[in-house]
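# Survey of secondary and tertiary structure
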Amino acid sequence: MCQINTEPMISVRGFLDVLLPPTIQDNGTSSDVILNERSEVSLHCTATGYPKPKIFWRREDGKDINLGSFGAQSYSAAKVKGNFLNLTHLTRTHMGAYLCIASNGIPPSVSKRIMLEINFPPQIRVPNQVIGAIPGTEVTLECKVQAWPRPLTSWVRNEDKLLLANTKYQLTEELYGYYNLNMKLKISHLQKEDFNSYKCGAKNSFGEKEGFIRLHDLSELKNISLHGKDISNVPAINSLTDQSSHLMALNKGNIERMGSLGGSNKLSKEKDNRKPTHQQNPVFNHSNRGYGMFMDGKLVCVLALWVINHWTSKV
């Protein structure tokens, strides 16, 4: 206040605002949290400053925040305003780092990182349960694992031999996200004993899980000849089921074609054995024999072309 001592006294008042950037108070703010699936949590954040800061939440990875389901509808949001972030029925998708951000227009804005971890037992998905390969080559077996805490993993052959990394076996793990793990087993210089069953395993403090893969020798199928025709050049099929179905289809088609051709030959023989019912002119008989020979040759050509076309279309 500025004052002049007159009668009456004259004065003027001024106001001074001290602007303070926001500060997050550790005492009233959540720290990192570790919970099990199907739990619930309420994260809270407190900040001071002048003007009073506004607080909002978002995920560090940029994904929407899963707010849960109400009835048949699921809700999510890129950011949530308020001092509290309430999450119910937690699943592994909630796992991640959450940022509490305080801002009041006075730079700088501040934030605190709160890590939310969701514990759950391992789950394994095997993309290809049956794989085919040829001796002397190499092959890669793969298992996709979801687990938290991060599990201990292993590869076992034929239920009893634990596989370790060496020149024969290359074991790799690729971690993406927080709880996704891609297990790979690369086998070099395949030999007869390598064509066997394999098991990938994952174990943590909440449980364990196994996945099974069968490695099959494709050379046993590729060298099969089908009625004298070599099919060794048929492209290899990774799935044993697909390979077997393919060969069964070829066999079925070949049997049908052979049966059809046998029926045609039988009809032709029956036709040749029939006796004439009346006396024919020798001149007519002579010309008819020539016409009959022409028709028989034409029929054979037509049948041969039909069989070749039908067989190649099947193959």
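The paragraphs below set out a description of the structure included in this document. Per chain, residue numbering runs from 1 following the sequence as it is written. Only residues with pLDDT of at least 70 are given local features in this predicted model, and only at 80 or more are side-chain atom pairs given and counted; all residues enter the totals for whole chains, interfaces and linings. To obtain the side-chain values, all non-hydrogen atoms of the structure were included, while hydrogens and water were left out.

## Some thoughts on a nonpolar patch on the surface
- Together, Leu16, Val18, Leu19, Leu20 and Tyr50 give the surface a local cluster of nonpolar side chains, amounting to about 530 Å² of exposed area.
- Starting at the N terminus, helices and strands are each numbered in turn, a helix being any DSSP run of H or I of at least four residues and a strand any DSSP run of E of at least two. Mapped onto the elements, Val18 comes out in the loop between β2 (10–12) and β3 (20–24). Patch definition: residues with relative accessible area over 30% and no salt bridge; like charges joined within 9 Å; nonpolar side chains (Val, Leu, Ile, Met, Phe, Trp, Tyr) joined within 5 Å. Accessible surface area values rest on a Shrake-Rupley calculation with a 1.4 Å probe, where residue burial reflects the displayed protein chains alone. By definition, a salt bridge exists where a carboxyl oxygen of Asp or Glu is found within 4 Å of a side-chain nitrogen of Lys or Arg.

## Details of the packing of aromatic side chains
- Geometry of aromatic contacts follows a simple scheme: Phe, Tyr and Trp rings, the Trp one being its six-membered ring, pair when their centres are within 6.5 Å, and the pair is stacked under 30 degrees between planes, edge-to-face over 60, tilted otherwise. Taken as a whole and judged by the stated rule, the model has one aromatic pair.
- Aromatic side chains Phe120 and Tyr179 sit 5.7 Å apart centroid to centroid with 80 degrees between the ring planes, which places their arrangement in the edge-to-face category. Residue Phe120 is located in strand β13 (residues 110–125), and its partner Tyr179 is located in the loop between β18 (169–176) and β19 (180–187); the two are separated by 59 residues in the primary sequence. Each member of the pair Phe120 and Tyr179 is classed as buried.
- Our definition puts a charge over a ring when NZ of Lys or CZ of Arg is within 6 Å of the ring centre and also within 35 degrees of the ring normal. Cation over ring: Lys79 sits above Phe56, and NZ or CZ is 4.8 Å from the ring centre. Whether a residue is buried, partly exposed or exposed follows from its accessible area with a 1.4 Å probe, protein chains only, as a fraction of its type maximum: under 20%, in between, or over 50%, in that order.

## Remarks on the pattern of salt bridges
- Per the stated rule, a full pass over the model turns up 12 salt bridges.
- Close ionic contact of Arg92 with Glu37 constitutes a salt bridge, the shortest N to O distance being 3.1 Å. Of this pair, Arg92 sits in the loop between β11 (84–87) and β12 (96–103) while Glu37 is found in the loop between β4 (33–36) and β5 (41–44), placing the two residues 55 residues apart along the sequence. One exposure class covers both Arg92 and Glu37, and it is buried.

## Points about the sheet that holds strand β21 (residues 207–217)
- Pairing between two strands requires that DSSP report at least two bridges joining them. On the basis of which strands lie adjacent, the open sheet formed by five strands has the order β14-β21-β20-β16-β17 and mixed pairing. Two strands lie at the open edges of the sheet, namely β14 (130–133) and β17 (161–162), each paired on one side alone.
- One ladder, built from two bridges, connects strand β16 (residues 152–157) with β17; its direction is antiparallel. The partner of Arg157 across the bridge, within β17, is Lys161.

## Here's the deal with the state of the cysteines
- Counting rule for disulfides: a pair of cysteine sulfur atoms within 2.5 Å. This model, assessed by the stated rule, comprises two disulfides.
- The disulfide that involves Cys45 links it to Cys100, with 1.7 Å between the sulfurs. Taking the torsion about the sulfur-sulfur bond, which here is approximately -65 degrees, the covalent link between Cys45 and Cys100 counts as left-handed. One end of the pair, Cys45, is in the loop between β5 and β6 (47–50); the other, Cys100, is in strand β12, and 55 residues separate them in sequence. No difference in accessibility class separates Cys45 from Cys100, as the two residues are buried.
- One disulfide bridge connects Cys143 with Cys200, the sulfur atoms lying 2.0 Å from each other. The sign of the -90 degrees torsion about the S-S bond sets the Cys143-Cys200 disulfide as left-handed. With Cys143 in strand β15 (residues 139–148) and Cys200 in strand β20 (residues 197–204), the pair connects residues that are 57 residues apart, well separated along the chain.
- Here Cys200 falls in the buried class, since its relative accessible area comes to 0%.
- If one numbers only the bonded cysteines of the protein, in the order they occur, the disulfide pattern is 1-2, 3-4.

## A closer look at the pairing of strand β7 (residues 54–59)
- The two faces of β7 differ: Ile55, Trp57 and Arg59 on one face are buried, but Lys54, Phe56 and Arg58 on the other face are not.
- Inspection of the sheet shows β7 paired to β12 by six bridges, in the antiparallel sense. Counterpart to Trp57 in the pairing with β12 is Cys100.

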